[in-house]
Structures are given as structure tokens and as C-alpha cells.
Amino acid sequence: MEVLGTYWLRRILARIASVVVYEAQDTRTGMPVMVLKGAQGVPVAAEGVLPLLEETPEAWVLEWPIGAVPLSQYLGVADLERLEHWVREMARILASLKARGVSHAPIPELCLVKGKRVWLAGVGLKELSGEPEKALAVLARALAGERYPEFPLRETLERIEAKEDPLEVLFSGPARAHGVQEAKDLTPETPGQEAQPLRDASSKPKEEPKLSFSSRKVLSVDPVSEPLEGQEVSPTQETTPPEGKTPSRPRVIRIEEPEEPSFTVVEPPRPRRRSLLLGLLGAVVLLGLALLLLRPSSTSGGGYVMEFRTDPPTERAEVFLLEAPEGSRMAPGQLLLTAPGRAEFDQKGVYRLRIRVAGRDPVDYLLEVPGPPLVIRVR
């Protein structure tokens with residue numbers, strides 16, 4: 001594993017000319033970061049742009065939001081609904097940067113997403129300076145893959161790429177309606193759309209106008225008609241709806257029964273042993289609680305068991321403890337286990353470990369306890 005200063009360079013995300021982009025980890029805090037080794041230019045700070053943590057002559061170090069993933073993981077398989085939201089968010093960020101005089105051409109490896117949040121990385125990098133309109137259209141085509149002809153924003157992106165519309169058409173309210181009105185005028189009215197106004201106001205419609213989509217969502221409930229006092233209702237009238245009309249809910253049929261039964265109710269005698277059983281059950285519960293409270297605590301204070309795995313499973317790796325968090329009584333330098341296997345830690349926090357594999361250089365690692373199983377890959 002390559003190291004740059006206090007950062008572990010885990011894997012390469014992309015190569016852009018002389019710039020190498022790494023997914024990395026800060027050894028001091030254990031937090032994920034993005035390292036742009038060989039970056040040239042002036043980093044830009046703006047909303048929707050990954051913040052700059054450190055700038056050195058060798059690289060830029062950018063913050064990596066926890067849980068965010070690169071858009072390159074969705075190449076060709078992105079959900080069209082989520083992709084539409086991502087494209088609109090990126091268009092808003094790119095338009096804001098363009099208004100400041102910064103032309104940024106994003107690529108999938110340098111765009112992070114988490115849910116509906118989108119971040120752009122490397123803004124200000126010379127190698128990523130270009131036309132944002134064309135880059136956004138190329139990015140959407142790559143993410144949608146074979147389903148790009150079905151993408152709702154395809155025509156809008158094509159007009160933006162041809163410089164017929166600005167980026168603002170993707171996220172501004174009035175602009176988003178541009179180009180759609182003509183399709184509405186040419187499309188015949190379908191259920192769920194509002195009825196068009198009549199050309200001749202004096203003529204009366206032969207049928208009721210169609211309700212709008214919002215109007216059809218209103219739930220209408222017809223109340224059950226109650227018979228007037230002294231009026232008898234036949235079973236046919238009560239249960240059968242009028243011909244051609246569907247009731248909004250089933251009719252209610254009331255069956256009157258006398259409050260008092262026609263026979264004498266004999267209650268079973270209460271069992272005499274119920275109180276004895278309840279007392280015995282309470283004693284068992286109290287005994288269990290006492291045993292639980294009086295149970296001697298383990299030497300590790302409860303402990304947190306972490307699982308260590310190796311890839312491939314036939315490999316063996318020795319795991320040593322270098323540093324323990326405050327409050328831990330574990331002695332640094334001890335051999336915790338030979339992976340694969342499990343090790344027990346006595347406190348929550350971040351432990352500094354050294355992993356040794358025969359024939360390879362040792363690797364230091366920051367492990368957060370508790371956490372998911374740790375996989376040691378031996379290449």
C-alpha cells in the first residue's frame with residue numbers, strides 16, 4: 001500500500017494526463033479522503049464541490065463524505081429517475097461555477113453521490129477545464145447506457161450540448177417548462193390531464209368536463225343513509241345498491257340482539273392455585289435477575305469481538321497491537337491473533353494495528369471498534 005505523507009493511498013480511481021486520483025485514508029483520524037497526486041491549478045471552493053483539506057506541492061487532499069461513492073460505479077446501470085436528479089444537481093453546480101468564470105468538465109470518477117447529494121471533485125484542475133455542457137451530456141449517456149433513449153432529459157441535454165439552451169434550463173422552474181408546452185398542445189388530452197377550454201364559450205358541453213389529476217385524487221365517500229324514526233327498511237333496500245350505481249362503501253346491516261342472554265350465565269370458579277403459581281413465577285424471575293446482576297464481569301469489561309478474514313482464505317496474517325485508545329488496558333506490542341480469526345477488544349475507539357504476512361512488508365492500519373469484519377487481501 002503506497003503512502004503519501006500521513007495518507008494511505010488505497011486504490012487508484014482515475015488517471016487524467018499526469019494526475020493520478022486515489023481513494024485514500026488519513027492515518028491520523030481514519031477518515032476517507034481523495035488525493036489528487038500531481039494536481040496543477042487553483043482549487044475552487046463552492047457549494048457542491050469537495051472541500052480542500054490540504055494542498056502540498058505534490059498533491060491536493062480533498063474531503064470524502066462518509067458513505068459517498070463515485071459515479072463510475074453506476075456506468076451503464078444508473079436508475080433513470082435518480083440519474084435525472086443527479087443531472088439537475090450537477091447542472092446547478094456547473095452553472096454556478098460558470099457564472100464565476102470557472103469552466104469545469106466533470107468525469108464519473110470525480111463525481112461523488114450519496115442518496116440525492118452530489119459533489120464535484122477537482123474543480124480548478126487544469127486537466128478538467130472544458131465545456132461543462134458537453135461533459136454533462138457525455139456523462140449522462142455513459143451512466144444511462146442502453147436506456148439513454150428513454151432518459152427524460154435526453155432532448156434537453158442535446159439542445160444544451162448544441163448550445164441552443166443554457167444549463168439553467170435543467171433546474172430553473174420556468175425554464176424546465178420550455179419546450180414541453182408545444183408537446184402538450186400537440187398531444188391529445190388523456191385521462192389525468194386538465195380539460196382544454198372550449199373554443200365556443202356560448203355552446204354548452206354535451207358531457208361533463210374531465211377532472212384534473214389533482215381533482216381525481218380526492219376521495220369521495222357517500223354516507224350510509226339512516227332510516228327515519230318509525231320507518232321500516234327492507235333487507236333489499238339496505239343491502240342492494242341502486243341499479244347502475246356502485247356504493248362508496250358496503251352497506252351496514254345492524255342486527256339487534258337483547259342485552260341480556262336468554263340463559264343463566266354460570267361463571268367458572270377461580271382456581272385456588274393461581275396466586276401460588278404467580279408467586280412461584282415471580283420468585284423465578286427475581287432469582288434470574290439476581291444471578292444476572294451478581295454474575296462476575298469478564299476481565300475485558302464486556303469486550304468487543306472483531307472478525308479478521310483473509311483473501312484468499314488460505315493465507316495467514318499476524319495482527320499486532322501498536323496503539324490502543326484512551327481507557328484501554330490492552331498492552332501495545334502484543335500479538336492479537338493470526339488471521340483468519342477473531343480478536344477481543346476491551347474498549348470502543350480506534351486501534352492502530354500492524355499486519356504482517358510472510359514474504360511481504362508489514363502494513364499499519366487504523367481499526368475502529370466496533371465495526372464490520374476486516375478483510376486482509378493478499379495480492
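Worth saying up front: this structure is predicted, and the values here are computed from it rather than measured.

In terms of helices and strands, the chain carries 8 helices and 16 strands. A total of 379 residues make up the chain; the buried ones form 30% of that total. Residue pairs at least 24 apart in sequence account for 56% of intrachain contacts in the chain once pairs closer than 6 positions are excluded. As displayed, the chain has an accessible area near 25900 Å², and 53% of this comes from carbon and sulfur atoms.

What follows deals with the UniProt feature "transmembrane region" (unreviewed entry) in the chain. UniProt tags residues 276-294 as "transmembrane region" (unreviewed entry). Counting secondary structure, residues 276-294 comes out at 100% helix and 0% strand; the distance between its end C-alpha atoms is 27 Å.

Counting buried positions along strand β15 (residues 363-369) yields 5 of 7 residues, so the element is predominantly enclosed. Relative to β15, strand β14 (residues 349-357) runs antiparallel, the two sharing 7 bridges. Paired with G349 across the two strands is V369, which belongs to β15. The turn linking β14 back onto β15 is made up of 5 residues, and G359 within it adopts a positive phi angle of 85 degrees.

Turning next to the side chain of E133. With respect to the helices and strands, the residue E133 is situated in helix α2 (residues 132-144). Side chain to side chain, E133 and K98 meet in a polar contact 2.5 Å long. Each residue touching E133, except ones within four places of it in the same chain, is listed here: K98, I160, K163 and L167.

Below, the discussion takes up the sheet that holds strand β8 (residues 111-114). Sheet architecture is open: 3 strands sit in the order β7-β8-β9, paired in antiparallel fashion. Strands at the two margins of the open sheet, each flanked by one partner only, are β7 (69-70) and β9 (117-120). Inspection of the sheet shows β8 paired to β9 by 4 bridges, in the antiparallel sense. Among the inter-strand pairings, L112 is bridged to a residue of β9, identified as W119. Lying on the sheet, helix α1 (residues 80-99) is in contact with β8 and β9; it crosses β9 at an angle near 45 degrees.

In the structure shown here, the tally under the stated rule is 16 salt bridges. E89 is paired through a salt bridge with R92; the nearest N and O atoms lie 2.9 Å apart. One end of the pair, E89, and the other, R92, are both in helix α1, 3 residues apart, so they sit about a helical turn from each other. The class of E89 is partly exposed, set by a relative accessible area of 22%. Note that R154 is salt-bridged to E158, the shortest N-O span being 3.3 Å. Residue R154 and its partner E158 are both found in helix α3 (residues 154-161); the two are separated by 4 residues, about one turn of the helix. A relative accessible area of 36% means that E158 is categorised as partly exposed.

Let us look at the nonpolar core. Within the largest apolar cluster, 34 residues are counted, with the highest numbers of intra-cluster contacts made by V87, M90, L136, F151, L157 and L170. Taken together, the elements giving at least two residues each to this core come down to α1, β8, β9, α2 and α3. The leading source of residues in this core is α1, at 10 residues. Residues within four places of L157 in sequence aside, it is in contact with V87, L136, A137, A140, Y148, F151 and L170. Among the nonpolar cores identified, the runner-up in size contains 23 residues, and L321, L337, A343 and Y351 belong to it.

Structurally, the position occupied by D165 is in the loop between α3 and α4 (173-176). For D165, a relative accessible area of 12% translates into the label buried. A distance of 2.7 Å separates polar atoms of two side chains, one belonging to D165 and the other to R159.

Scoring rules and cut-offs
Residues numbered from 1 in each chain as written. Predicted model: local features only at pLDDT ≥ 70, side-chain atom pairs only at ≥ 80, totals over all residues. Heavy atoms only, no water. Helix = DSSP H or I, 4+ residues; strand = E, 2+ residues; numbered from the N terminus. Buried < 20%, exposed > 50% of the residue type's maximum accessible area, 1.4 Å probe, protein only. Contact = heavy atoms within 4.5 Å. Areas by Shrake-Rupley, 256 points an atom, 1.4 Å probe, with all protein chains shown as cover. UniProt positions renumbered as here; feature names shortened; annotations may be inferred. Pairing = 2+ DSSP bridges. Polar contact = N/O pair within 3.5 Å; in protein donor to acceptor, adjacent residues only side chain to side chain. Axes fitted to C-alpha atoms, helices over the stretch in contact; angles between N-to-C directions. Salt bridge = Lys/Arg side-chain N within 4 Å of Asp/Glu carboxyl O. Core = buried A, V, L, I, M, F, W, Y, C linked by side-chain atoms within 4.5 Å.

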